[in-house]
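Read off the chains here:
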Amino acid sequence: MTSLLDELRGLSSVACDTLDAEVASRFGPFVDCTSNQAIAYNELSKLDSDGKLVYQQLIHESIEVAHWMFAKQSDATLEELAVELMMVNLALLIAPHITGRLHIQTNPKLAYSTAKTIKNAERVHSHFTHLSPSLSPSRICIKIPSTHEGLLACRHLEAKGITTLATTLFSLEQAILASASSCRYVAPYVNELKVHFEQGYVDPDRDNSLFLCGVMQEYFRRRGVGRTEVMAASFVTVEEVMQLAGVRNLTVSPGLLEVLAGTKVEGWTGATVGMVGRWVGGEGGWDEGRVREVERVVREGDEGGWRMAFMRAEGGRAEGKLVQALNLFVGVQEGLEEVVRRGVKQGL
């Protein structure tokens, strides 16, 4: 009997949205592994049956290396370095269970600085090389928030051979600039990040966001845009995942992976599989005049023109969702830095 996860894998490239190696092993192999500060915090906060941190040794080793690195540079604090190393170390535990790339997100506190984001991304990339010299650089991807500054950083990094994913994407305006910056992936969020932090909250704009994922893929197809691919993210239900089956890449959280693996295709009465692709396949899907104007300002390097277009995107909601996501991620980043401070104090 075929499961929904099997069906999904036949239609899309599936990534695991987790830093839990046990999940990756149980439901894998996956193509890619994606993560962010919230995923890392949840993993690093896990306790064993004795009430001790599951990853106590990993935290200790990351702090040790961070101390050594801190003395040799002036671009990051000890806490920032240790957080980066902890995330990379967690990702490396999953490497045996994926065939593609390990994705690590840059520090969200740097999202409005192109120069600092570039340095951060290069440093995270170098952590992989330092901690796992045998890992091919082609298996590393750096996730960068899709601010104007972040997307310009992607352009610089891609030119240097560092693969990037433009994350926290809520508009076609961001996708157009990301593709012009040669990003390997764009990650449109089906649900705003708040749904994962506030119990019971439902994104009122979810249906439009589902459609937007399909629109982005169709835009890349019709325009013949470089190599940029959609990697849809931030799912809440299995129905959302299956509606987007057929989108090039999907990244799915552990809870949904478990439901997908345990649900048989035969008798499935949920959403029509691949529904969004069929919606988008017809005429339209976007305002051609608006898209051409965004393409023009991107082509001409008109930063003010792009910012204005993004500010108005999706009735003004896209920029608000990005700001909300960055606020939440910054809060979790600070939580991770506190984990490091506690570790230093306790002599981990």
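The structure this text deals with has already been given above.
Reference entry: report on the structure contained in this document. Note that this is a predicted model, so its numbers are computed, not measured.

### Brief notes about the overall build of the protein chain
Helix and strand counts for the protein chain come out as 15 helices and eight strands. For the C-alpha atoms alone, the extent of the protein chain along its principal axes is close to 60 × 55 × 40 Å. Residues classed as buried in the protein chain amount to 55% of the 348 residues present. Taking the intrachain contacts of the protein chain between residues at least 6 apart in sequence as the baseline, contacts between residues at least 24 apart amount to 68%. Here the protein chain carries 35 positive and 43 negative side-chain charges, and the mean point of each set is 4 Å from the other.

### Description of the nonpolar core
Across soluble globular proteins, nonpolar side chains show a tendency to be buried alongside one another. Core analysis: the biggest nonpolar cluster contains 108 residues, and Leu 102, Phe 128, Leu 172, Val 241, Leu 244, Leu 250 and Leu 260 have the highest contact counts within it. Sorting elements by how many residues they give to this core places helix H5 (residues 78-94) first, with twelve residues. With near-sequence residues (within four places) excluded, Leu 172 lies in contact with Leu 212, Val 215, Met 216, Tyr 219, Trp 286 and Val 291. Ala 15, Tyr 185, Ala 187 and Met 231 belong to the second largest nonpolar core, which has six residues in total.

### Focus: the layout of surface pockets
Within this model, the largest pocket holds a volume of roughly 500 Å³. For the lining of the largest pocket, the secondary-structure elements that each account for two or more residues are helix H3 (37-44), strand E5 (163-169) and helix H11 (254-262). A per-element tally of the lining of the largest pocket places H3 first, with four residues. When the residues that make up the lining of the largest pocket are grouped by side-chain class, the tally is 13 nonpolar, ten polar and four charged. When its volume is computed, the second largest pocket comes out at roughly 200 Å³. Counting residues per element, the ones that place at least two in the lining of the second largest pocket are helix H13 (288-299) and helix H14 (303-312). Of the residues that constitute the lining of the second largest pocket, the class distribution is five nonpolar, one polar and five charged.

### A closer look at empty space enclosed by the protein
Scanning the model with the defined rule gives two cavities of 30 Å³ or more in all. Volume-wise, the largest cavity comes out at about 80 Å³. Taken together, 13 residues make up the lining of the largest cavity; nearest its centre are Phe 170, Asp 205, Ser 209, Leu 212 and Lys 321. For the lining of the largest cavity, the elements supplying multiple residues, two or more each, are helix H9 (206-223) and helix H15 (317-346).

### Description of the packing of aromatic side chains
In total, this model carries three aromatic pairs according to the counting rule given. One cation-aromatic arrangement involves Arg 9 over Phe 30; the distance from NZ or CZ to the ring centre is 4.8 Å. Against the face of Tyr 201 rests Lys 194, its NZ or CZ located 4.4 Å from the ring centre.

### Describing unusual backbone geometry
Gly 28 connects to Pro 29 through a cis peptide bond whose omega is 5°. Tracing the sequence through the fold places Pro 29 in the loop between helix H2 (21-27) and strand E2 (33-34). With a phi close to 50°, Thr 168 is a non-glycine residue in the positive phi region. Within the chain, Glu 314 stands out as a residue other than glycine whose phi angle is a positive 55°. By the secondary structure assignment, Glu 314 is in the loop between H14 and H15.

Thresholds applied
Residues numbered from 1 in each chain as written. Predicted model: local features only at pLDDT ≥ 70, side-chain atom pairs only at ≥ 80, totals over all residues. Heavy atoms only, no water. Helix = DSSP H or I, 4+ residues; strand = E, 2+ residues; numbered from the N terminus. Buried < 20%, exposed > 50% of the residue type's maximum accessible area, 1.4 Å probe, protein only. Contact = heavy atoms within 4.5 Å. Lys, Arg positive; Asp, Glu negative; His and termini not counted. Charge placed at Lys NZ, Arg CZ, Asp CG, Glu CD. Core = buried A, V, L, I, M, F, W, Y, C linked by side-chain atoms within 4.5 Å. 1 Å grid on protein atoms, 1.4 Å probe; cavity = no way out; pocket = protein on both sides within 12 Å on 5 of 7 lines; lining within 4 Å. Points joined across faces, edges and corners; volume = space filled by probe spheres on them. Nonpolar A, V, L, I, M, F, W, Y, C, P; charged D, E, K, R; others polar. Phe/Tyr/Trp six-rings, centres within 6.5 Å; stacked < 30°, edge-to-face > 60°. Lys NZ or Arg CZ within 6 Å of the ring centre and 35° of its normal.

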